[in-house]
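Residues per chain, in single letters:
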Amino acid sequence: MKKLKNEAELLKKAIVIGEGYAKNRGYKGFSATNAAKEKIESLYRLLVNDKLIQPLPKDGEDLASMKHKLALWIAKQLPADHPLLK
């Protein structure tokens, strides 16, 4: 798994955008007490369920891989000239 440039910032952006997407899908939203790990896993599973990202193999579903998948997802959604992609 090749690390993306600005992967941490892309992950933060993916969480924000993903939360908005989840709310539009009818999810109540995340509370302030939800851990980042819970948010990442929930968003990953929602995007896989909606077929917006390809699922990881069952033996490769770890937090680092889920973070990477979310960062890849948001990188593809952003315009080419976005500062996080430079």
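Look above for the structure.
These notes cover the structure that comes with them. (Residues numbered from 1 in each chain as written. Predicted model: local features only at pLDDT ≥ 70, side-chain atom pairs only at ≥ 80, totals over all residues. Heavy atoms only, no water.)

A few words on the packing of aromatic side chains. Per the stated rule, a full pass over the model turns up one aromatic pair. Measuring from centroid to centroid gives 5.2 Å for Tyr-27 and Phe-30, while their planes differ by 55°, and the two rings are tilted. On the basis of relative accessibility, which here comes to 42%, the residue Tyr-27 falls in the partly exposed class. (Phe/Tyr/Trp six-rings, centres within 6.5 Å; stacked < 30°, edge-to-face > 60°. Buried < 20%, exposed > 50% of the residue type's maximum accessible area, 1.4 Å probe, protein only.)

Here the focus is the side chain of Ser-65. With respect to the helices, strands and loops of the structure, Ser-65 is situated in helix 3 (residues 63–77). Apart from the residues lying within four places of it in its own chain, the contact partners of Ser-65 are Met-1, Leu-56 and Gly-60. (Helix = DSSP H or I, 4+ residues; strand = E, 2+ residues; numbered from the N terminus. Contact = heavy atoms within 4.5 Å.)

In this structure, Leu-10, Ile-40, Leu-43, Leu-70, Trp-73 and Ile-74 are the most contacted members of the largest nonpolar core, which totals 21 residues. For this core, the secondary structure elements donating two or more residues are helix 1 (7–24), helix 2 (36–49) and helix 3. When residues in this core are grouped by element, the largest group, six residues, is from helix 3. Look past the residues within four positions of Ile-40 in its chain and what remains in contact with it is Leu-11, Ile-15, Leu-63, Met-66, Lys-67 and Leu-70. (Core = buried A, V, L, I, M, F, W, Y, C linked by side-chain atoms within 4.5 Å.)

Attention now moves to the pattern of salt bridges. Scanning the model with the defined rule gives four salt bridges in all. One salt bridge in this structure joins Glu-19 and Lys-39, with 3.5 Å as the shortest N-O distance. Of this pair, Glu-19 sits in helix 1 while Lys-39 sits in helix 2, and the two are 20 residues apart along the sequence. Between Glu-61 and Arg-45 there is a salt bridge, with the nearest N and O atoms lying 3.2 Å from each other. Placement of the pair is Glu-61 in the loop between helix 2 and helix 3 and Arg-45 in helix 2, with a sequence separation of 16 residues. (Salt bridge = Lys/Arg side-chain N within 4 Å of Asp/Glu carboxyl O.)

Here we take up the packing of helix 1 against helix 2. It is at 10 Å that the axes of helix 1 and helix 2 come closest, and there the two elements cross at 60°. Considering their axes alone, helix 1 and helix 2 lie oblique with respect to each other. The interaxial crossing formed by helix 1 with helix 2 has left-handed handedness. Along its contact with helix 1, which presents Leu-11, Ala-14, Ile-15, Gly-18, Glu-19, Tyr-21 and Ala-22, the element helix 2 presents Lys-39, Ile-40, Leu-43, Leu-46 and Leu-47. Looking at the contact of helix 1 with helix 2, its residues break down into nine nonpolar, one polar and two charged. (Axes fitted to C-alpha atoms, helices over the stretch in contact; angles between N-to-C directions. Parallel < 35°, antiparallel > 145°, perpendicular 65-115°, else oblique. Left-handed = near helix turned anticlockwise from the far one by under 90°. Nonpolar A, V, L, I, M, F, W, Y, C, P; charged D, E, K, R; others polar.)

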